[in-house]
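Reading the structure
Listed below are the residues making up each chain.
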Amino acid sequence: MSYSVTEPSARQKWIAGILVALYAVITILPLVWIIATGFKTPSDSIAYPPKVVFQPTLEGYVNLFTTRTRQTPEYMAEHPPQTWAERIVAKYDMTIVGPSRFGARFLNSVIIGFGSTFLSVFLGTLAAYAFSRFKVPLKDDLMFFILSTRMMPPIAVAIPIFLMYRTLGLSDTHLGMILLYTAVNLSLSVWLLKGFIDEIPVEYEEAALIDGYTRFQAFRKVVLPQAATGIASTAIFCLIFAWNEYAFAVLLTSGEAQTAPPFIPTIIGVGGQDWPAVAAGATLFLLPVMVFTILLRKHLLRGITFGAVRK
Amino acid sequence: MAEIELRHVTRRFATTALDDVSLTVPDGSFVVLLGPTGAGKTTLLRMVSGLDRPDQGQVLIGGREVTALSPAERNVAMVFQQYSLYPHMSVRENLAFPLKSPLLKTPPDQIAAKVQAVAETLRIAHKLDNKATALSGGEMQRVSIGRALVRQPTVYLMDEPLSSLDAKLRAELRVELKRIQSDLGATFLYVTHDQIEAMTMATHIGVLDHGRLVQFGTPREVYENPVSLYAASRLGQPRINLLPADLFGGAPAGATTIGLRPEQIEQGTGEDSLVRRIEHLGDQTRLHLTFRSHDLVTVTEAHSPLRPGDILPIRPKAPFYFDASGARLI
Ligand SMILES: Nc1ncnc2c1ncn2[C@@H]1O[C@H](COP(=O)(O)OP(=O)(O)OP(=O)(O)O)[C@@H](O)[C@H]1O
Ligand SMILES: [Mg+2]
């Protein structure tokens, strides 16, 4: 660790504190808004001026997870609501007829997001190790080529990919989306991880080779533990991309493998967009990346400041 | 234990790190490699260990050709010049790591016993549960020596293993390593810059000059009968004095340089020199002399009465003569 030689003065600290707080408010406000909207009624959610204080309700979450039908008042009188969820929808003369597709879409996001993250990091680590340690012919050109796949926005190749996927039967499949996101993330993953692995002195592996281990065992027992920081931060970057990706998801998935991002905006309520349900979906959608990042944050912080810290 | 043989080993990088080196390290011997930085000492050890392969030539261990084998298949132990403790492991785990390898698959109770024994030999038993990164440089180096000593490999390769230890510990471990080597009858190939290590531990010394093995022999041979000016400069404390050959007269034809070790300078007879400086080192005294405007250094008895400014007659006694290329003449 290195520390600044001169301590900032009290006034400088105050100014810095205020700036940070201001920035935090600006970035956190939309998040708070979404989370709050998830607990509003539809009418509160579109009230103008926006309501800061409101009666919280789980209506948005109930609507998010269920499909409902409208019933006649007679039917409602004959079949009184049984559960808390049914009581909420009964206000609108509705009954719950089954689960919505949100659960399945969310699961798709989990499978595709984590699946492609795993694959990107797995392949990326092996490739980065090879680039870092072995004599690869045309190494620099290959590394540049790998990077160059990120020099245009991936969506620029949407049409060929769409046609390819249709021909190969990969449209709207988990495998197709995992492969696609892996392909996009792999260049980032190889570059980031190569940087991390370059920093690990080869002497450690050589010592393990001498100690009677094979190259692969040395990689697993000596390199991997030391690359953990790099792997964790790379995984977070890959997950964030795959998890939030919208354009390809809209284009290539519609049912079976549809992820949450294209699904959430299609949640329609009575008489238009059901904003509380959309906000509830968005809130739940934020959670996994947040949890994943918090779990790995120690690694992430070390990863981002890599090179600046004493090893 | 086993004999090591290098046959015409050449290894090129941008420079030629090893140039047609042929060398036999006899079974049970302690061979010290000498040479200044960049001479190819580490490269030679890497050839034997299998971490690097020769461009030309062969490596044999115990009579078996191993040139194409991996380090694990050669079953050698090596102490590296720098970095080599696994930073994510404790000292204990570091020492146990070679024993747990698929090569040895030692049972846990034997691992514990061996680790403990080695740790005690190297005086690091109290640090066994430290993280490897929470050690001083000297402690780290002892752990890396320990990692080699827990095994019974075919040969031990050590690259300046004692260089970052303090003088006292170095003296102790020098004796300890030598004892281990004789007890086990182990074959050691050992790199050092330290004169005393070379002279006291070695059964043979190999002198490397820009990748070529220029002399190989017992410490006495290399000291008393160096083949070249370069080899003569490797050993001796204080260093050999190198002066123009004609300074004293009696030089053979073709000689350009005369080499005088302290014991090759007879004091009290001959031509006058001026005592410039005196260093009392305790057990000996170093004299810095000026002889016909050339500086030289020699030793005298501990309680020498000489003082700066005194005149001391000196004369060469069985000196070495070298020609312009540095080769030894007599
Ligand atoms: N991996 C490598 N790539 C390029 N050149 C190398 C490599 N390893 C060694 N060399 C070169 O080979 C020569 C011999 O190096 P080596 O490390 O064997 O020297 P050394 O005698 O061990 O020196 P030192 O006393 O400094 O450890 C040097 O000129 C060095 O620059
Ligand atoms: Mg070296």
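Criteria and thresholds
Residues numbered from 1 in each chain as written. Chains lettered and ligands numbered in written order. Predicted model: local features only at pLDDT ≥ 70, side-chain atom pairs only at ≥ 80, totals over all residues. Heavy atoms only, no water. Phe/Tyr/Trp six-rings, centres within 6.5 Å; stacked < 30°, edge-to-face > 60°. Helix = DSSP H or I, 4+ residues; strand = E, 2+ residues; numbered from the N terminus. Buried < 20%, exposed > 50% of the residue type's maximum accessible area, 1.4 Å probe, protein only. Contact = heavy atoms within 4.5 Å. Buried area = accessible area lost by both parts, 1.4 Å probe. Salt bridge = Lys/Arg side-chain N within 4 Å of Asp/Glu carboxyl O. Polar contact = N/O pair within 3.5 Å; in protein donor to acceptor, adjacent residues only side chain to side chain. Nonpolar A, V, L, I, M, F, W, Y, C, P; charged D, E, K, R; others polar. Domains from an automatic or database assignment. Near = heavy atom within 4 Å. Areas by Shrake-Rupley, 256 points an atom, 1.4 Å probe, with all protein chains shown as cover.

All right, on to the packing of aromatic side chains then. Evaluated as defined, the whole model comprises 20 aromatic pairs over all chains. Note on F65 of chain A and F102 of chain A: the rings are 5.4 Å apart at their centroids and 85° apart in plane angle, and the pair reads as edge-to-face. Remark: F102 of chain A occurs in helix α6 (residues 102-133) and F65 of chain A occurs in helix α3 (residues 59-65); sequence separation between them is 37 residues. Judged by centre distance (4.6 Å) and plane angle (15°), the ring pair of F248 of chain B and F291 of chain B falls under stacked. Of this pair, F248 of chain B sits in the loop between β11 (241-244) and β12 (255-260) while F291 of chain B sits in strand β14 (residues 285-291), placing them 43 residues apart in sequence. Take F248 of chain B: its relative accessible area is 15%, and that puts it in the buried class.

As a further point, take the interface of chain B and chain A. In this assembly, 25 residues from chain B lie in contact with 16 residues from chain A. Together chain B and chain A conceal approximately 1,800 Å² of surface at their shared face, both sides included; 65% is due to carbon and sulfur atoms. At the junction of chain B and chain A, the tally comes to three salt bridges. In this structure, the salt-bridge partner of D211 of chain A is R147 of chain B, at a minimum N-O distance of 3.4 Å. Remark: the boundary between chain B and chain A carries ten residue pairs in polar contact (both at pLDDT 80 or more). Within the residue set of the side of chain B that touches chain A, elements represented by two or more residues are α1 (41-49), α2 (71-74) and β6 (76-79) of chain B. Here the side of chain B that touches chain A takes three residues from β6 of chain B, the largest share from any one element. Classifying every residue of the side of chain B that touches chain A gives 16 nonpolar, five polar and four charged.

Residue and element names in this part refer to chain A. Its domain assignment divides chain A into domain 1 (42-100) and domain 2 (103-304). Placing a centre on the C-alpha atoms of domain 1 and another on those of domain 2 gives a separation of 38 Å. Taken residue by residue, the interface counts eleven residues in domain 1 and eleven residues in domain 2. Buried area between domain 1 and domain 2, summed over both chains or domains, comes out near 910 Å², and the portion from carbon and sulfur atoms is 71%. Summed over the three residues of domain 1 that lose the most area to domain 2, namely G60, Y61 and L64, the buried surface amounts to 43% of that side. Counting the contacts that link domain 1 with domain 2 gives one residue pair in polar contact (both at pLDDT 80 or more). Broken down by element, the side of domain 1 that touches domain 2 gets its largest block of residues, five residues, from α3. Its residues placed into classes, the side of domain 1 that touches domain 2 shows six nonpolar, four polar and one charged.

So, on to the pattern of salt bridges. Residues and elements named next belong to chain B. The full count for this structure, using the stated rule, is 24 salt bridges over all chains. D295 serves as the salt-bridge partner of R276, at 3.6 Å between the closest nitrogen and oxygen. A residue pair is termed long-range when its members are at least 10 positions apart, and R276 in strand β13 (residues 265-280) and D295 in strand β15 (residues 294-300) qualify at 19 residues. Looking at R276, the relative accessible area reads 36%, which means it is partly exposed. On the accessibility criterion, D295 (48% relative accessible area) is partly exposed. A salt bridge links E279 to R277, with the shortest nitrogen-to-oxygen separation between them at 3.7 Å. Judged by its relative accessible area of 25%, E279 is partly exposed. Overall, the relative accessible area of 42% leaves R277 in the partly exposed class.

Right, let's talk about the domain arrangement of chain B for a bit. Many analyses report the size of an interface as the accessible area lost when the parts associate. Residues and elements named next belong to chain B. Taken as a whole, chain B is organised into domain 1 (4-233) and domain 2 (239-329). For domain 1 and domain 2, the distance between their C-alpha centroids amounts to 36 Å. Listed as interface residues are ten residues of domain 1 and, on the opposing side, eleven residues of domain 2. The junction of domain 1 with domain 2 conceals about 870 Å² of combined surface from both sides, 52% of it contributed by carbon and sulfur atoms. When the buried surface of domain 1 facing domain 2 is broken down by residue, Y223, L229 and A232 rank first, second and third, together holding 56% of it. Here domain 1 and domain 2 share seven residue pairs in polar contact (both at pLDDT 80 or more) between them. Mapped by element, the contributors of at least two residues to the side of domain 1 that touches domain 2 are α8 (219-224) and α9 (229-234). Partitioning the side of domain 1 that touches domain 2 into residue classes produces six nonpolar, three polar and one charged.

Further remarks concern the site of ligand 1. Residues and elements named next belong to chain B. By nearness alone, 14 residues border ligand 1, and T37, K41, T42, T43 and Q81 come closest of all. Within the side chain of K41, an N or O atom sits 2.8 Å from an oxygen atom of ligand 1. Residue H193 places a side-chain N or O atom 3.3 Å away from an oxygen atom belonging to ligand 1. About the coverage of ligand 1: the protein hides 61% of its 630 Å² of free accessible area. Ranked by the residues each element gives to the shell around ligand 1, the list is headed by α1, at three residues. Partitioning the shell around ligand 1 into residue classes produces four nonpolar, eight polar and two charged.

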